[in-house]
Number of protein chains: 2
Amino acid sequence: MKLIANFIGLQTGRNIAILNQKDAEELGVSEGGRIRIEAKNKSIVAIVNISRTLKKGKVILSDEIKKLAKIKSNEEVNVELALQPEAVKAIRAKLDGKELSYEEFFSIVKSAVNNELSEIELTSFVVGLHERGLSFEEAAMLSTAMVNVGERLELNKKRIFDKHSIGGVPGDKTTMLVVPIVASAGLTIPKTSSRAITSAAGTADRVEVIMPVNLSIEEMKEVVEKTNGCMVWGGALHLSPADDIFIQIEKPLGIDPLLFPSILSKKKAVGATDLVIDIPVGESVKIGNVEEGFRLSQKFIKLGKLLGIKIKTALTSGIQPIGSTIGPALEAKEALEVIEGKKNSLDLIDKATSIAGILLEMAGKARNGEGKELAKKLLRTKAEKKLREIIEAQGGDPRIKSEDIKIGDKSFDYFAEKSGMILWFDNYDLAQIARIAGAPKDKGAGILLYKKLGDNVKAGEKLLTIFAERSTKLQEAEKYAKEANFVRIGSYNEVLYKKVEEVSKKREKFMIVR
Amino acid sequence: MKLIANFIGLQTGRNIAILNQKDAEELGVSEGGRIRIEAKNKSIVAIVNISRTLKKGKVILSDEIKKLAKIKSNEEVNVELALQPEAVKAIRAKLDGKELSYEEFFSIVKSAVNNELSEIELTSFVVGLHERGLSFEEAAMLSTAMVNVGERLELNKKRIFDKHSIGGVPGDKTTMLVVPIVASAGLTIPKTSSRAITSAAGTADRVEVIMPVNLSIEEMKEVVEKTNGCMVWGGALHLSPADDIFIQIEKPLGIDPLLFPSILSKKKAVGATDLVIDIPVGESVKIGNVEEGFRLSQKFIKLGKLLGIKIKTALTSGIQPIGSTIGPALEAKEALEVIEGKKNSLDLIDKATSIAGILLEMAGKARNGEGKELAKKLLRTKAEKKLREIIEAQGGDPRIKSEDIKIGDKSFDYFAEKSGMILWFDNYDLAQIARIAGAPKDKGAGILLYKKLGDNVKAGEKLLTIFAERSTKLQEAEKYAKEANFVRIGSYNEVLYKKVEEVSKKREKFMIVR
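Parameters at a glance
- Residues numbered from 1 in each chain as written.
- Chains lettered and ligands numbered in written order.
- Predicted model: local features only at pLDDT ≥ 70, side-chain atom pairs only at ≥ 80, totals over all residues.
- Heavy atoms only, no water.
- Helix = DSSP H or I, 4+ residues; strand = E, 2+ residues; numbered from the N terminus.
- Rg over C-alpha atoms; globule rule 2.2 N^0.38 Å.
- Buried < 20%, exposed > 50% of the residue type's maximum accessible area, 1.4 Å probe, protein only.
- Areas by Shrake-Rupley, 256 points an atom, 1.4 Å probe, with all protein chains shown as cover.
- Core = buried A, V, L, I, M, F, W, Y, C linked by side-chain atoms within 4.5 Å.
- Contact = heavy atoms within 4.5 Å.
- Pairing = 2+ DSSP bridges.
- Polar contact = N/O pair within 3.5 Å; in protein donor to acceptor, adjacent residues only side chain to side chain.
- Buried area = accessible area lost by both parts, 1.4 Å probe.
- Salt bridge = Lys/Arg side-chain N within 4 Å of Asp/Glu carboxyl O.
- Patch = residues over 30% accessible without salt bridge, like charges linked within 9 Å, V, L, I, M, F, W, Y side chains within 5 Å.
- Lys, Arg positive; Asp, Glu negative; His and termini not counted.
- Charge placed at Lys NZ, Arg CZ, Asp CG, Glu CD.
- Phe/Tyr/Trp six-rings, centres within 6.5 Å; stacked < 30°, edge-to-face > 60°.
- Lys NZ or Arg CZ within 6 Å of the ring centre and 35° of its normal.
- Axes fitted to C-alpha atoms, helices over the stretch in contact; angles between N-to-C directions.
- Least-squares fit on C-alpha atoms with pLDDT ≥ 70 in both.
- Expected span 1.5 Å × (residues − 1).
- Arc of directions from axis to C-beta.
- Left-handed = near helix turned anticlockwise from the far one by under 90°.
- Nonpolar A, V, L, I, M, F, W, Y, C, P; charged D, E, K, R; others polar.

A. Representation of the overall build of chain A. A tally of regular secondary structure across chain A gives 18 helices and 19 strands. Relative to the compact-globule value of 24 Å for 514 residues, chain A shows a C-alpha radius of gyration of 26 Å, a close match. Principal-axis analysis of the C-alpha atoms gives chain A an extent of 80 × 60 × 45 Å. The proportion of buried residues among the 514 residues of chain A is 59%. For chain A, the computed accessible surface area is about 21,400 Å², with 49% contributed by carbon and sulfur atoms.

As structure tokens, this is what we get:
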């Protein structure tokens, strides 16, 4: 059937074709069915929506189809009934509890990135995985399929090192130290990072304060070939385009059955052979205690073996922010200050050199147990030079100094309400305060902490400063900070945390960062 | 069919009848089927096992049947095919995801306590609840059914107060202070407690050091009528006999779908109208953070409303032992020392007076926010006298002094390996050390702590003493303590907790105490 293509700026994330009811009946397709659209050697499958008001002989196509098939407005296209894709059978098999083959996973992933699957089908797949689970072999096959439909970074290196954090800790600028440390030792580390979703800053947000991060995969390759390392935003690289689709289904459901394939497919796509995964542990991050961290570690390590990635995990303190800053510019400044030797953020240095040390030991640059010392030495001697090389290669100004970084000029000091020891921070509330102040969008917004866990404060002493670029946002952050109980000051002998007398609303938790 | 009853000391927790194969065929019953046994006006349903070697005309009965029906060896009994009990249909309905009625729950609970259900059927019920869940209404009906098949404490009081802790914190002797405090204010508090399952001491084990706890329900009633309170072992009271059966299925599976009915049926059985539930929060107890505690609280409160019990919860610190002692005698001694005014265990006093304060406020003895102060006052002035009244009423020596309590005479001092702040205790390991030293069986075994969270220690300073009654057990506990990393001493700036490189065995966690 010949139809005239029309576009109305319809963006759905999927290939959608709206047909007149009579045309649909003639084709023998109903709502949610599929048609194949052929135009100038391009053939595309689209999901059908039906309209009674659309003129017969016309078809409205979503912009995704325009992009894929380069169809023009009012162009005549040939339309015919399409068969159900293999992917749908595979999804139904998973719903029925069957183990899937590589070919089945590939068909699902391929159809997903070709926008051929409806929201119902994608949701069924995600929920099916959640309910029925994945064996290790299935997770490995799904990861591989996800790699095979995306872009890959091809480096002519035998071993490629990488790190990943499952996130949740505010102020965690560890990557900004780890990459220059290990790259300065000659290790190849093509680091991709995400932007903030629910946090006050993702690594890509932090790094962007001192250098461009929106690189293409070719540009990334050039940077790594020149400097051994890079710190770029992973979002535009299409390393695992299927994951970008699945995550949109998982997020609103609050489930993440694709966690492992999601993380590891992206690592596999940059060719990683040696990976350290940072698993923060604490009551307000995803992993509540060391035992849970152990169990998660086991799964990562086992799956890594199937994928040919040697994985070690670092279970780290997730009970308070890392360093003394939260928010993109404040964090970038702190990381730079530490590299320049101007600030001694003990926990940040401990964490970065611990993780860099594991990578150095994996690479054979240091004997077991000596990696951390080597990392500390490299941080003092070679990391700054390496960081500036990376900044320059990514298109930034290599002469940037920490004092050049602009922090929001509106600020509010928060004082301790009572005297005692700092016993507890609420990571969620601290991130919220920074977000309400404007982070991550307003790069200069955030928090500077003067006290950390175990420190003693006096009533009226300054605890932290909130920075913002706009006074309305500062006021809102100030209000939130005053109402939230984000810090517990006192004595461990005060045992009653809270009395619950009636039902109360629950609040959202951090999601694991992919 | 007439058969001759035989007993061979078979104890299965269930009514089991072993039939000769031919007799079974004649009756039309197969393995796992049911027969009705009639003897002298007693009629009992039993589950059939089949034997080829048993002589025809004989039936071997489990001792549970002997006890219920008072059948003698070689007595002739009448045996006939029994219908499938209603309970089995109800279990199948739950497996199919149906909501059950009160009558259905009652049939299950009744058959369970009559030993009429096979292990397969009981397991199906527990797993069915785990998989299909219980609505609040169902949980209330199940709780009520569990109460209605058990014993009840009938007190002529309008309001009856109670407390419960879901447990997990070593050294938690809070109940030993709460009961005398609130009873001294005139509140009725018929407290039943459990013995240790996986911990170093249950409240019943602690209390037993200073008074008998194995009371009958009539004796318990007498004590409460005389003194307003009691502290007895709940295990022998048959307050919720169905729970004692279900828990044996849940424990090996590591699931507890009956948690709420289990706890609340026992409270309902003593007539509780006002209940405070203590929910310890921390990374090594069941509830990892305050939010989880909130959610659990909501469920308790809602279910309480359906059952006519006013419930408040106390979310309390579960990050370290309460007070400075772990193990029955050491804990009883500490509780008594605090009541006698000889020891100032700040966290124990804070916890006990917080919980007692909530009860006093619920009773209208104190205005909101003033209960804790009143509890502190009662602890200083009237609690000791009340405790001694209870000791006497339960058959103990009311003149007992804390210094009379015998602690194990074998001991081992454990010294800090490095200097720094005490940052973290592993509750599980501390309980394990005390258990390996002999607790709860050896009442004098346990741990005395000299340092708590937030305290600073020097390398070589004494951290704790392990006590035991037997030197072999002391040696084992000493060995375990030296190998376990049960305490973290240092600085919050040390961020790396643990590096995981290979798969490692997981260890058992505490179960919620019922």
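B. Main features of the nonpolar core. In terms of nonpolar packing, the biggest core is built from 63 residues, with Ile-466 and Phe-486 of chain A together with Ile-466 of chain B touching the most fellow members. Contact partners of Phe-486 of chain A, with chain neighbours within four places excluded, come to Tyr-414, Trp-424, Phe-425, Asp-426, Asp-429, Leu-430, Ile-433, Leu-464 and Ala-481 of chain A.

C. Layout of the pairing of strand S4 (residues 42-51) of chain A. All names here are of chain A. Sheet topology note: the strand S2 (residues 16-20)/S4 ladder contains five bridges and is parallel. Within S4, the residue paired with Ile-16 across the bridge is Ile-47. With six bridges connecting them, strand S3 (residues 34-39) and S4 associate as antiparallel partners. Bridging across to S4, Arg-36 finds its partner in Val-45. The turn linking S3 back onto S4 is made up of two residues, and Lys-40 within it adopts a positive phi angle of 45 degrees.

D. A look at the side chain of Lys-452 of chain A. Residue and element names in this part refer to chain A. Along the chain, Lys-452 falls in the loop between strand S15 (446-449) and strand S16 (456-457). Polar contacts involving the side chain of Lys-452 include one to the main-chain carbonyl oxygen of Gly-323, which spans 2.8 Å. Once residues lying within four places of it in the same chain are set aside, the contact partners of Lys-452 are Gln-320, Pro-321, Ile-322, Gly-323, Asp-347, Ile-422 and Phe-425.

E. Here's a closer look at the interface of chain A and chain B. Contact with chain A, which involves 50 residues of that partner, is made by 50 residues of chain B. With both sides pooled, the region where chain A packs onto chain B buries about 4,900 Å², and carbon together with sulfur makes up 59% of that total. Among the residues of chain A in contact with chain B, Tyr-492, Val-495 and Val-500 of chain A are the three that bury the most area, contributing 15% of the side total. Where chain A packs against chain B, one counts five salt bridges. For Glu-502 of chain B, the salt bridge is made with Lys-305 of chain A, and the minimal N-O distance between the two is 3.1 Å. Along the contact surface separating chain A from chain B lie 20 residue pairs in polar contact (both at pLDDT 80 or more).

F. Region of the structure containing a negative patch on the surface. A contiguous patch of negative charge on the surface is contributed by Glu-151, Glu-218, Glu-219, Glu-222 and Glu-225 of chain A. With respect to the helices and strands, the residue Glu-222 of chain A is situated in helix H9 (residues 217-227).

G. Spotlight on the packing of aromatic side chains. Evaluated as defined, the whole model comprises eight aromatic pairs over all chains. Above the plane of the ring of Tyr-497 of chain A lies Arg-488 of chain A, whose end atom (NZ or CZ) is 3.9 Å from the centre. For the cation-ring pair, Arg-195 of chain B lies above Trp-233 of chain B, with the distance from its terminal atom to the ring centre recorded as 4.7 Å.

H. The arrangement of unusual backbone geometry in detail. Residues and elements named next belong to chain A. Ala-439 connects to Pro-440 through a cis peptide bond whose omega is 0 degrees. Tracing the sequence through the fold places Pro-440 in the loop between helix H17 (427-436) and S15. Phi at Asn-74 is positive, roughly 70 degrees, even though this residue is not glycine. In this structure, Asn-74 sits in the loop between helix H2 (63-69) and strand S6 (76-81). Positive phi, close to 60 degrees, is recorded for Asn-115, a residue that is not glycine. Structurally, Asn-115 can be placed in the loop between helix H4 (102-113) and helix H5 (119-132).

I. View of the sheet that holds strand S13 (residues 410-415) of chain A. Residue and element names in this part refer to chain A. Spatially, four strands are ordered S12-S15-S17-S13 in an open sheet, and the strand pairing comes out antiparallel. Of all strands in the sheet, those with a lone pairing partner are strand S12 (325-326) and S13, marking the two edges. Here S12 runs beside S15; their pairing, made up of two bridges, is antiparallel. Each residue of the ladder has a partner; that of Ile-326, found in S15, is Ile-447. H17 contacts S12, S15 and strand S17 (462-468) of the sheet and is inclined by roughly 130 degrees relative to S15. With respect to the sheet, helix H18 (residues 471-483) is in contact with S13 and S17, its orientation differing from that of S13 by roughly 10 degrees.

J. Spotlight on the sheet that holds strand S19 (residues 496-500) of chain B. Spatial strand order, S7(A)-S10(A)-S11(A)-S19(B): four strands in an open sheet with mixed pairing. The sheet is open, and its two borders are formed by strand S7 (161-165) of chain A together with S19 of chain B, each paired with just one other strand. Between one strand axis and the next, the sheet turns through 20 degrees on average, direction left out of account. One ladder, built from five bridges, connects S7 of chain A with strand S10 (residues 274-281) of chain A; its direction is parallel. If you follow Lys-163 of chain A over to S10 of chain A, its bridge partner there is Val-276 of chain A.

K. Structural view of the relation of the copies chain A and chain B. Placing chain A over chain B gives an RMSD of 0.1 Å and needs a rotation angle of 179 degrees, together with 0.0 Å of translation along the axis. The symmetry that links the two subunits is that of a two-fold axis.

L. H5 of chain A, seen in detail. Residue and element names in this part refer to chain A. With 14 residues, H5 extends 19 Å from end C-alpha to end C-alpha; this agrees with the ideal 20 Å at 1.5 Å per step. Glu-121, Leu-122, Phe-125, Val-126, Gly-128 and Leu-129 are the residues of H5 that are buried. Seen along its axis, H5 keeps its buried residues to an arc of 155 degrees; they face one direction. What points out from H5, more than 90 degrees from its buried face, is the exposed set Ile-120 and Glu-131. Where H5 is buried, its residues contact S3, helix H3 (86-95), H4, helix H6 (136-148) and helix H10 (241-253).

M. Spotlight on the pairing of S3 of chain A. Relative to S6 of chain A, S3 of chain A runs antiparallel, the two sharing four bridges. Bridging across to S6 of chain A, Arg-36 of chain A finds its partner in Glu-80 of chain A.

N. Main features of the environment of Ala-200 of chain B. Residue and element names in this part refer to chain B. Here Ala-200 shows up in the loop between strand S8 (189-193) and helix H8 (203-208). You can call Ala-200 buried: its relative accessible area is 3%. The contact partners of Ala-200, leaving out residues within four places of it in the chain, are Ile-326, Gly-327, Pro-328, Ala-431, Ala-434, Arg-435, Ala-439 and Pro-440.

O. Broad picture of the packing of helix H7 (residues 175-184) of chain A against helix H13 (residues 328-339) of chain A. Residues and elements named next belong to chain A. Between H7 and H13, the least distance of the axes is 9 Å, while the angle of their chain directions is 35 degrees. The two elements H7 and H13 cross, and the hand of that crossing is right-handed. Between H7, through Met-176, Leu-177 and Pro-180, and H13, the contact on the second element is made entirely by Ala-332, Ala-335, Val-338 and Ile-339. Residue composition of the contact of H7 with H13, grouped by class: seven nonpolar, no polar and no charged.

P. Region of the structure containing the environment of Pro-398 of chain B. All names here are of chain B. Following the sequence through the fold, Pro-398 ends up in the loop between helix H16 (383-393) and strand S13 (410-415). Considered as a pair, Pro-398 and Leu-387 are eleven residues apart in the sequence and their alpha carbons are 8.3 Å apart. Excluding anything up to four places from it in sequence, Pro-398 contacts Arg-388, Ile-391 and Glu-392.

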